[in-house]
Amino acid sequence: MSLFTPSTSPIFLKEDSTTSQHIARLKELHDKATGKVKDDIAREITLTSYGEVGERNIAFELKNAGIPMVVIHDLHLQHGDLSAQIDYVVVTRKLVFFIECKNLYGNVDIDNQGNFVRSYPWNGRTVKEGIYSPITQNQRHLEVYRQLRLAQTTNPIKRLGLQNNFDSFYKSVVVLANPKTVLNAKYAKKDVKDRVIRADQLIAYIKEQNKKSKEAATSEKAMKAWAERILALHQPLPSDYTQKYETIISSTSAATPVAPRQTGAPASGTEKLAVQESAAKPYTVSAPQDTDLVAKLKAYRRETSRTENVQAYVVFNDRQLEDLINQKPKTLEELQRISGFGPVKTEKYGPGILAVINPAQCMKAPAVNAIKNQPWSPAQLVGEKITHQSFGSGTVKSVSRHEIIIKFPMTARSFDFPDVFDITIWLSNPALQKQVEELIKAKKKDAGVPAP
């Protein structure tokens, strides 16, 4: 009988993931791309492939566990605005393990405050960078699951039991899947040490946690039913992370080619390529009083695209221009309601667009003027929102004389300060952005770099 003679072959209710398809599509796009986009896609292929190898290492350990369990790979949960993508869920006869897989290159140190620092060799030197705590990340995943379960449980007694006993049944663990990674957690608190392990320790960890648990063991049938209830919550990822590259490549292919230079005008080595307006039909407005605003918005788009050396449609396309004219947003929140203006794009271009549409309102903005009139310090950047050209939106965590640490949704990264603001990062606060730009100009002047 299965109750007394448990099977030692783990059951994989869900073994597939979207990673392989994602990599295959990226490779197709890589063949079509050119320039920086091609480099960005190549980097994403490398990182994604590395993560896929780590997940295969975990799958190998689980398949050879020799204990009854049910495994779910790549579970995606959605509850309102909350979402979670869990690498592995392992259901045993006593406990459920939410596993966050990290296939990190380099070594990892955990200090007594629970901070994770990765170090790795790069160009003859050792690079150290803070990374977003995978423990915090996995706890957030577990919280999304808890909220989902509570939302489904209407019986008040069962809800109370779920709240009081949740931590007794559900365990969070971070697994470092790279066998070459050295984990140094001697200064970490015990609670942190207990939740970060290497891949070759995973099965021993699961066995030990089940042995320590005081909960009664269920039957194999109940164990599988438990796992099936969890899998029923799975929602396929709605986002296609290759879409951004597909849009850029298709738009670039459809754009009007840049006119060749006249032979009598030699190109300057520092001159940027002229950026073309959209190849779509020219936008016209029905109301004559909007003609001036159309011209101003197009001028802003043209100058911004030339400054950033990107196509004009990246700032906003003609359809979005039409929506801007019709809706005339007054706040960033209203701007974000326009199709195509997500959080990143709104934070990056929103202040400039609003200044064109509502110049009188922007002139009255006391917060910006107050900052301009106050002595400025880089410490004011802490807590400010930024946009990184590769990692998206983030928040400034700390600033020192030569380093700034940015916290992104999935990680935290260290950059050279203030140099990084000259090429890859923009502040949402336009006044502080201007202060940083002035700091960069002063630094270049001190170094003898000629002004552009």
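Draft legend 1. Highlighting the sheet that holds strand S14 (residues 412-416). Within the open sheet, the 5 strands sit side by side as S14-S13-S12-S11-S15. Their pairing is antiparallel. Pairing within the sheet leaves two strands with one partner each, and these edge strands are S14 and strand S15 (425-427). Taken over all neighbouring pairs, the strand axes of this sheet differ in orientation by 40° on average, direction set aside. Strand direction decides the pairing type here: strand S11 (residues 385-388) and S15, joined by 3 bridges, are antiparallel. Counted as the bridge partner of Ile 386 is Leu 427 from S15.

Draft legend 2. Region of the structure containing the sheet that holds strand S4 (residues 96-102). Judged by pairing direction, the sheet is mixed, and its 6 strands sit side by side in the order S1-S2-S3-S4-S8-S10 without closing on themselves. On the outer flanks of this sheet lie strand S1 (11-14) and strand S10 (196-198), each paired with one strand and no other. The mean angle between the axes of side-by-side strands here comes to 35°, regardless of whether they run parallel or antiparallel. Two strands pair when backbone bridges link them, and S4 and strand S8 (residues 170-176) are joined in this way by 7 bridges, in the parallel orientation. In the sheet register, Ile 99 faces S8, and the bridge partner there is Val 173. Seen against the sheet, helix H3 (residues 134-152) touches strand S2 (70-79), strand S3 (82-91), S4, S8 and S10 and runs at an angle of roughly 145° to S4. The strands touched by helix H7 (residues 220-231) within the sheet are S1, S2, S3, S4 and S8, with S2 carrying the most contacts at an inclination of about 35°.

Draft legend 3. Structural detail: the pairing of strand S5 (residues 107-110). Of the two faces of S5, only one is covered, namely that formed by Val 108 and Ile 110; the face formed by Asn 107 and Asp 109 stays uncovered. Across 2 bridges, S5 lies against strand S9 (residues 183-184) in parallel orientation. Looking at the pairing, Val 108 lines up with Leu 183 of S9.

Draft legend 4. Focus on the packing of aromatic side chains. Evaluated as defined, the whole model comprises 9 aromatic pairs. Aromatic pair Phe 166 and Tyr 170: ring centres 4.5 Å apart, planes at 20°, arrangement stacked. Judged by its relative accessible area of 4%, Phe 166 falls in the buried class. Ring geometry for Tyr 170 against Trp 226: centres 6.1 Å apart, planes inclined by 80°, an arrangement best described as edge-to-face. Of this pair, Tyr 170 sits in strand S8 while Trp 226 sits in helix H7, and the two are 56 residues apart along the sequence.

Draft legend 5. Main features of the pattern of salt bridges. Scanning the model with the defined rule gives 8 salt bridges in all. For Asp 194, the salt bridge identified is with Lys 190, shortest N-O distance 2.8 Å. For Asp 191, the salt bridge is made with Arg 195, and the minimal N-O distance between the two is 2.7 Å.

Draft legend 6. Representation of the pairing of S8 within the structure. Taken across its 7 residues, S8 has 6 buried, putting it largely inside the fold. Taken together, the 3 bridges between S8 and S10 define a ladder with parallel strand orientation. Each residue of the ladder has a partner; that of Leu 176, found in S10, is Arg 198.

Draft legend 7. Focus on the packing of H3 against helix H4 (residues 156-169). The geometry of H3 relative to H4 is characterised by a closest axis approach of 10 Å and an angle of 165° between their N-to-C directions. In terms of their interaxial angle, H3 and H4 are classed as roughly antiparallel. Here H3 and H4 pass one another in a crossing that is right-handed. Residues Leu 142, Tyr 145, Arg 146, Arg 149, Leu 150 and Ala 151 of H3 pack against Arg 159, Leu 162, Gln 163 and Phe 166 of H4. Of the residues assigned to the contact of H3 with H4, the class counts are 6 nonpolar, 1 polar and 3 charged.

Draft legend 8. Examining unusual backbone geometry more closely. One non-glycine residue, Asp 74, lies in the positive phi region at around 60°. Along the chain, Asp 74 turns up in strand S2. Given the relative accessible area of 9%, Asp 74 is considered buried. Residues other than glycine seldom take positive phi values, yet Lys 328 does so here, at roughly 45°. Position of Lys 328 relative to the elements: it lies in the loop between helix H11 (318-327) and helix H12 (332-335).

Draft legend 9. Structural detail: helix H6 (residues 202-212). Within the span of H6, buried status applies to Leu 202, Ile 203, Tyr 205, Ile 206, Gln 209 and Asn 210. Along the axis of H6, the buried positions cluster into a sector of 160°, meaning they face one direction only. Within H6, the exposed residues directed more than 90 degrees away from the buried face are Ala 204, Lys 211 and Lys 212.

Draft legend 10. Quick look at the environment of Phe 421. The topology assignment puts Phe 421 in the loop between S14 and S15. The buried category is assigned to Phe 421, whose relative accessible area is 5%. When the C-alpha atoms of Phe 421 and His 388 are compared, they prove to be 9.2 Å apart, with 33 residues separating the residues in sequence. Those residues in contact with Phe 421, other than ones at most four positions away along the chain, are Leu 381, Ile 404, Leu 427, Gln 433, Val 436 and Ile 440.

Cut-offs and rules
- Residues numbered from 1 in each chain as written.
- Predicted model: local features only at pLDDT ≥ 70, side-chain atom pairs only at ≥ 80, totals over all residues.
- Heavy atoms only, no water.
- Pairing = 2+ DSSP bridges.
- Helix = DSSP H or I, 4+ residues; strand = E, 2+ residues; numbered from the N terminus.
- Axes fitted to C-alpha atoms, helices over the stretch in contact; angles between N-to-C directions.
- Contact = heavy atoms within 4.5 Å.
- Buried < 20%, exposed > 50% of the residue type's maximum accessible area, 1.4 Å probe, protein only.
- Phe/Tyr/Trp six-rings, centres within 6.5 Å; stacked < 30°, edge-to-face > 60°.
- Salt bridge = Lys/Arg side-chain N within 4 Å of Asp/Glu carboxyl O.
- Parallel < 35°, antiparallel > 145°, perpendicular 65-115°, else oblique.
- Left-handed = near helix turned anticlockwise from the far one by under 90°.
- Nonpolar A, V, L, I, M, F, W, Y, C, P; charged D, E, K, R; others polar.
- Arc of directions from axis to C-beta.

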